[in-house]
Amino acid sequence: MVAACLTGWAHSQFGKLDNVDAEVLLADIAQTALDDAGLAPEQIDSIHVGTFNGGFLYQDFPSSLVFNRIPGLRFKPATRYENACATGSAAVHGGLQSIEAGKATHVLVIGFEKMTELATPQVGEVLLKCSYAREEADIPGGFAGVFGTIAQAYFDRYGDQSDALARIAAKNHRNGSVNPYAHMRRDFGYDFCRNVSEKNPFVAGPLKRTDCSMVSDGAAALVISKADVARTMPKAVGFRAAVQVNDYLPLSRRDPLAFEGGQHAWRQALGVAGVALKDLSLVETHDCFTIAELIEYEAMGLAKPGQGAGVVAEGLTEKHGLLPVNPSGGLKAKGHPVGATGVSMHVMAAMQLTGTAGEMQIPNARLAGVFNMGGAAVANYVSILEAR
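Rules behind the numbers
- Every chain is numbered on its own, with residues counted from 1 as its sequence reads.
- Whole-chain, interface and lining totals are the exception, using all residues; otherwise, since this is a predicted model, local features are given only for residues with pLDDT of at least 70 and side-chain atom pairs are given and counted only at 80 or more.
- Side-chain measures were taken over the full set of non-hydrogen atoms in the model, leaving aside hydrogen atoms and water.
- Where each domain starts and ends comes from a domain assignment, either automatic or drawn from a database.
- Residues are treated as being in contact if the distance between any of their heavy atoms lies within 4.5 Å.
- As used here, buried area is the combined drop in accessible area, with a 1.4 Å probe, of two parts when they are placed together.
- Salt bridge criterion: a side-chain nitrogen from Lys or Arg within 4 Å of a carboxyl oxygen from Asp or Glu.
- Think of a polar contact as two N or O atoms within 3.5 Å of one another; within protein, one of them needs to be a possible hydrogen donor and the other a possible acceptor, and neighboring residues in sequence only count if both atoms come from side chains.
- For this classification, the nonpolar set comprises Ala, Val, Leu, Ile, Met, Phe, Trp, Tyr, Cys and Pro, the charged set comprises Asp, Glu, Lys and Arg, and every other residue, Gly included, is treated as polar.
- Strands are runs of DSSP state E lasting at least 2 residues, helices are runs of H or I lasting at least 4, and numbering of each runs from the N terminus.
- The rule is short: rings of Phe, Tyr and Trp, with Trp giving its six-membered ring, pair when the centres are within 6.5 Å, and they are stacked under 30 degrees, edge-to-face over 60, tilted in between.
- Note on geometry: a ring has a charge over it if NZ (lysine) or CZ (arginine) is within 6 Å of the ring centre and within 35 degrees of the ring normal.
- Accessibility here uses a 1.4 Å probe with only protein chains present; expressed as a share of the type maximum, an area under 20% marks a residue as buried, one over 50% as exposed, and anything in between as partly exposed.

Quick word on the domain arrangement of the protein
- When cut into domains, the protein gives domain 1 (4-117 + 215-231) and domain 2 (240-387).
- Here domain 1 and domain 2 have C-alpha centroids that lie 22 Å from each other.
- At the interface, 32 residues of domain 1 touch 29 residues of domain 2.
- Across the domain 1/domain 2 interface, buried area totals approximately 2200 Å², and carbon plus sulfur atoms make up 72% of it.
- Considering only the side of domain 1, the residues that lose the most area to domain 2 are Trp9, Phe14 and Cys85, jointly responsible for 28% of the buried surface there.
- Summed over the shared surface of domain 1 and domain 2, the number is zero salt bridges.
- At the boundary of domain 1 with domain 2, the tally comes to six residue pairs in polar contact (both at pLDDT 80 or more).
- Partitioning the side of domain 1 that touches domain 2 into residue classes produces 19 nonpolar, 11 polar and two charged.

Structural data, given as structure tokens:
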């Protein structure tokens, strides 16, 4: 049990935000989260900012940027976090650790990214820095190429999984069509996702365009408060567990189809929380590519290795299924602005647990799992959140 609760949150529109300056995006989302928690900037004890950047923006060193528009935060300790695509969760953990260390009562966590400042090929080059450069930097297709290689290896070991990947893509686009924050609010249907076409070509290996998350801009923010103080606040979502597990960076040093770091993170988090997977009302998981969600079914224990396809074929991960996965639409439909993603996932789960998720809502949601990973299951974060 973690002695901290989410007490306020905010989420921007995800997409191509051409007319929004990153500094304004950062400040607006921070202020909205503060307002949601009912706190003044002066009541925040530390700021934790997650952004990958890596060349998306010229401006780096973003930890104090929020002061420019919210001067009440000036002179507070502020730190920037980066852990590849798990950057947002790294910032969440930084905030939790400040509270657990007794240094803070309320912390502000912000995740943001402006990716569309660069052309798509350049974005691919930036993201490929999240692989092991000595061995993987020459894989064609950027990070899509990395996961295309993983997908092909999975197909070679367990058989063609094109049907399963199309079902995952269709599910997440269907869910995302009712998410007001999603980059892509369109239900493409199974047939479009399953078949190669001019609008859905192969991108890398067996992965088609509908198997790949989009290049997105966006931000999300959280206020995290000490649990005893949170009880006096308008709303609170508790952390039953918050676990981080890192694995080898090179794919050559591990089985790339096992996501062993994710397995360890899930096992530890469920143990700390004192619950089983079947007790969860929903999971928000890191579907940067549909093959990732498929393997994550196996890593979390929903299916045995090589049998993840059965989970989606039987509808177990649909909104009406045994364990709804990505009712927000996931990274696939909601978008994947790298530094914002982990924070966004926590916001989506908190909305579910407070019954404020609108058309995304899972009835009577009480426990939610969040899995956010950096690289190909290198940095693995699992949170178990509970309605209070």
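Description of the environment of isoleucine 29
- Checked against the element boundaries, isoleucine 29 lands in helix 1 (residues 22-37).
- In sequence terms isoleucine 29 and alanine 219 are 190 residues apart; their C-alpha atoms lie 6.7 Å from each other.
- Those residues in contact with isoleucine 29, other than ones at most four positions away along the chain, are Ala10, His11, Ser12, Ile110, Ala219, Ala220 and Ala221.

What about the packing of aromatic side chains?
- Within the structure shown, the criterion is met by five aromatic pairs.
- An aromatic cluster is built from Phe143, Phe147 and Phe289, whose rings are joined through pairwise contacts.
- The ring of tryptophan 9 has lysine 235 lying over it, and the distance from NZ or CZ to the ring centre is 3.9 Å.
- The lysine or arginine in question, arginine 253, covers the ring of tyrosine 248, its NZ or CZ lying 4.1 Å from the ring centre.

Brief notes about the side chain of lysine 114
- Take lysine 114: it is sitting in strand 4 (residues 106-114).
- Given a relative accessible area of 2%, lysine 114 falls into the buried group.
- Looking at lysine 114, its side chain comes within polar contact range of the side chain of glutamate 117, at 3.2 Å.
- Dropping the residues within four chain positions of it, lysine 114 is found in contact with Leu17, Asp18, Val20, Ala22, Phe56, Leu57 and Asp217.

Regarding the pattern of salt bridges
- What the rule picks out here adds up to 12 salt bridges.
- Note that aspartate 60 is salt-bridged to arginine 80, the shortest N-O span being 2.7 Å. Separated by 20 residues along the polypeptide, aspartate 60 in the loop between strand 2 (46-50) and strand 3 (78-81) and arginine 80 in strand 3 bring together distant segments of the chain.
- When its relative accessible area of 36% is taken as the criterion, aspartate 60 is described as partly exposed.
- By relative accessible area, arginine 80 is classed as partly exposed at 26%.
- A salt bridge links aspartate 163 to arginine 194; the shortest N-O distance between them is 2.5 Å. Remark: arginine 194 occurs in helix 7 (residues 189-194) and aspartate 163 occurs in helix 6 (residues 162-176); sequence separation between them is 31 residues.

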